[in-house]
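Results of the structural survey
What follows is each chain in one-letter form.
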Amino acid sequence: MKILLTGATGYIGKRLLLELVRAGHEIVCCVRDENRFNPPISIAHKIEVLEIDFSNIPADKKLPDGLDGAYYLMHSMSSSIDYEELELNIARNFRHLLFRSDIKHVVYLSGIINENSLSKHLSSRKAVEEELSKGAYHLTTLRAGIIIGSGSASFEIIRDLVEKLPVMITPKWLNTKCQPIAIKDVVDVLSSTILNTELYDQNFDIGGPDVLSYKQMLLEYARIRKLKRSIYTVPVMTPRLSSYWLYFVTSTSYKLATALVSSMKVEVVCRDNRLMNLLQIQPKSYHEALQKTFMKIEDHEIISSWKDALGSGSFTHNLSDFMKVPTFGCLKDERSLRVRDQQVSLSKIWRIGGENGWYYVSWLWKVRGFIDKIFGGVGLRRGRTHPSKLATGDVVDFWRVLLADKNGYRLLLFAEMKLPGEAWLEFRIQNGVLYQTATFRPRGILGRVYWYLVYPLHGIVFKGLIKALSK
């Protein structure tokens, strides 16, 4: 079949793409920015890429001919505090675009909706479903709760809380029930649903076999990891305090933390699990999902991560708009040093950040990350998805990868920390010389004051960094 895949650079989309190609389908991947779409080389010749921003579609935009079905995997929960109207507009534009195509079936991945009083997030998901149902195609909605897998936001929040806090004083919503599902099961259900006529014009809840409270999920994680943890719930933590609690303890952004807290107060338990029986899928238990996730992390097989989405930081533009580092009105810290071995230095550059640190006075980078977190930035806790691989659009602590050209010996990063301006950090090796350039485009007088205040620290940090990289 020929299938349109939206959200192809997202957490679910990246994994579903591999499964669909493996099944022999022809895939048209919709991406907002083609520069940050990096499919595995082994499948690049089997897919077509369509650059399209569904929030603002040109009037003459058309879809390729011969499409049979489509996946709707787009959401904006972590991109904006006021995401409801944005999500509805995207769904409306998607529906209008499909009027000019022959697509017969759309599969939409949503959230479990089973209470009269819905959170802002789930209300938005429901509104999107209602908008998509107006199309001239058959719609199947799959409603999932907490998704457990390597790189999922839910798993990483659980991991951060349990690994960092021996004793937790938590909000009362930790007693809320939910029905977690393994990412592998989500992908299997998605791939088995497309153009399945028995499932047309219906919605289904999908979940694993276990119904657990968030507290039970944390304690089960601790039990598997052999960690002694005590959790006490208190009724005095407001949604705002709960959001700050998640934001400062975990790697999540404040926008995502706010949306998650709103949703976690609502019970998300499947009405039934009949779809699993229809598709003959045996869902994994929460314990099995955790064990599988640990194995993937240990083997560095994290296909996708929530933090690689642009919404995990402050970047809201196309990467291509920032790939050319400006010169006018900019302040720079430029250094160069001859390297002993180009390949060794390149390998060090490609492993920068995350658990490997920044090679020199890494504690200063941690201090800067903590300050950024206090001022509402992403901080240093996002780390990186893979310890030695980088691709355009990836996250490296509080940086976003704009260009990762290993053959050209060049890495370009853009700062997503809170700054009175814009900052780039570039590493380039040419003719045995490493060139390291920090560029800052200040915003007004405050930006210039900031640069000169931190300039003495740059002398320490950047001088030590290039020395460490050149050895």
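The following refers to the structure shown.

About the thresholds
Residues numbered from 1 in each chain as written. Predicted model: local features only at pLDDT ≥ 70, side-chain atom pairs only at ≥ 80, totals over all residues. Heavy atoms only, no water. Salt bridge = Lys/Arg side-chain N within 4 Å of Asp/Glu carboxyl O. Helix = DSSP H or I, 4+ residues; strand = E, 2+ residues; numbered from the N terminus. Buried < 20%, exposed > 50% of the residue type's maximum accessible area, 1.4 Å probe, protein only. Axes fitted to C-alpha atoms, helices over the stretch in contact; angles between N-to-C directions. Left-handed = near helix turned anticlockwise from the far one by under 90°. Contact = heavy atoms within 4.5 Å. Nonpolar A, V, L, I, M, F, W, Y, C, P; charged D, E, K, R; others polar. Pairing = 2+ DSSP bridges. Phe/Tyr/Trp six-rings, centres within 6.5 Å; stacked < 30°, edge-to-face > 60°. Lys NZ or Arg CZ within 6 Å of the ring centre and 35° of its normal. Patch = residues over 30% accessible without salt bridge, like charges linked within 9 Å, V, L, I, M, F, W, Y side chains within 5 Å. Areas by Shrake-Rupley, 256 points an atom, 1.4 Å probe, with all protein chains shown as cover. Lys, Arg positive; Asp, Glu negative; His and termini not counted. Charge placed at Lys NZ, Arg CZ, Asp CG, Glu CD.

As a further point, take the pattern of salt bridges. Enumeration according to the criterion identifies 20 salt bridges in this entry. Notably, a salt bridge pairs Glu 156 with Arg 159, separated by 3.8 Å at the nearest N-O pair. One end of the pair, Glu 156, and the other, Arg 159, are both in helix 4 (residues 153-164), three residues apart, so they sit about a helical turn from each other. In this structure Glu 156 comes out as buried when scored by relative accessible area, which is 5%. Assessed through its relative accessible area of 24%, Arg 159 is described here as partly exposed. With a closest N to O distance of 2.9 Å, Asp 188 and Lys 184 form a salt bridge. With a gap of four residues between them, Asp 188 and Lys 184 both fall in helix 5 (residues 183-193), about one helical turn apart.

Put simply, helix 12 (residues 362-374) and helix 13 (residues 444-470) touch, their axes get as near as 10 Å, and they point 145° apart. For the pair helix 12 and helix 13, the sense of crossing is left-handed. Of the residues in helix 13, those in contact with Leu 364, Trp 365 and Arg 368 of helix 12 are Tyr 450, Val 461, Phe 462 and Leu 465. Of the residues in the contact of helix 12 with helix 13, the class split is six nonpolar, no polar and one charged.

Each strand in a sheet pairs with another by means of backbone hydrogen bonds, the pair being arranged parallel or else antiparallel. Taken together, the seven strands give an open sheet; going across it, the order is 3-2-1-4-5-6-11, and neighbouring strands pair in parallel fashion. In the strand order of this sheet, the two ends are held by strand 3 (47-51) and strand 11 (202-206), each with one partner. Taking the axes of each pair of neighbouring strands and ignoring which way they run, one obtains an average angle of 20° across the sheet. Judged from the three bridges that link them, strand 1 (residues 2-5) and strand 4 (residues 69-72) form a sheet pairing that is parallel.

The six strands are arranged 14-19-18-17-16-15 in an open sheet whose pairing can be described as antiparallel. This sheet does not close on itself; its edge strands, each paired only once, are strand 14 (331-338) and strand 15 (395-396). Taken strand by strand, helix 11 (residues 342-350) contacts strand 16 (399-405), strand 17 (410-415), strand 18 (421-430) and strand 19 (433-442), and its axis lies near 155° from that of strand 18.

Below, the discussion takes up the packing of aromatic side chains. One pass over the full model with this rule turns up 15 aromatic pairs. Their ring planes at 50° and their centres at 5.7 Å tell us that Phe 440 and Tyr 450 sit as a pair that is tilted. Of this pair, Phe 440 sits in strand 19 while Tyr 450 sits in helix 13, and the two are 10 residues apart along the sequence. Between Phe 440 and Trp 451, the aromatic rings sit 5.9 Å apart at their centres with planes inclined by 10°, giving stacked as the arrangement. Within this pair, whereas Phe 440 is found in strand 19, its partner Trp 451 is found in helix 13, the two being separated by 11 residues in sequence. One exposure class covers both Phe 440 and Trp 451, and it is buried. Sitting over the ring of Tyr 435, Arg 428 keeps its end group 4.7 Å from the ring centre.

Within helix 5, nine of the 11 residues are buried, which leaves the element mostly enclosed by the surrounding structure. Buried within helix 5 are the following residues: Ile 183, Asp 185, Val 186, Val 187, Asp 188, Val 189, Leu 190, Ser 191 and Thr 193. Trailing helix 5 by a residue or two, Leu 195 shows a phi angle of about 60°, which is positive.

The next subject is a nonpolar patch on the surface. On the surface, Tyr 244, Phe 248, Trp 363, Val 367, Phe 370, Ile 371, Ile 374 and Phe 375 cluster together to form a nonpolar patch covering roughly 820 Å² of accessible area. For the nonpolar patch, the leading source of residues is helix 12, giving five residues. If you trace the backbone, Trp 363 turns up in helix 12. For Trp 363, a relative accessible area of 54% translates into the label exposed.

This brings us to a positive patch on the surface. On the surface, Arg 340, Lys 463, Lys 467 and Lys 471 cluster together into a positively charged patch. The residue Lys 463 is located in helix 13 in this model.

It is worth spelling out the environment of Leu 195 at this point. Within the secondary structure, Leu 195 is located in the loop between helix 5 and strand 11. Excluding residues within four positions of it along the chain, Leu 195 makes contact with Met 1, Asp 68, Gly 69, Lys 104, His 105 and Tyr 200.

Limitation: the analysis is restricted to geometry and does not speak to function.
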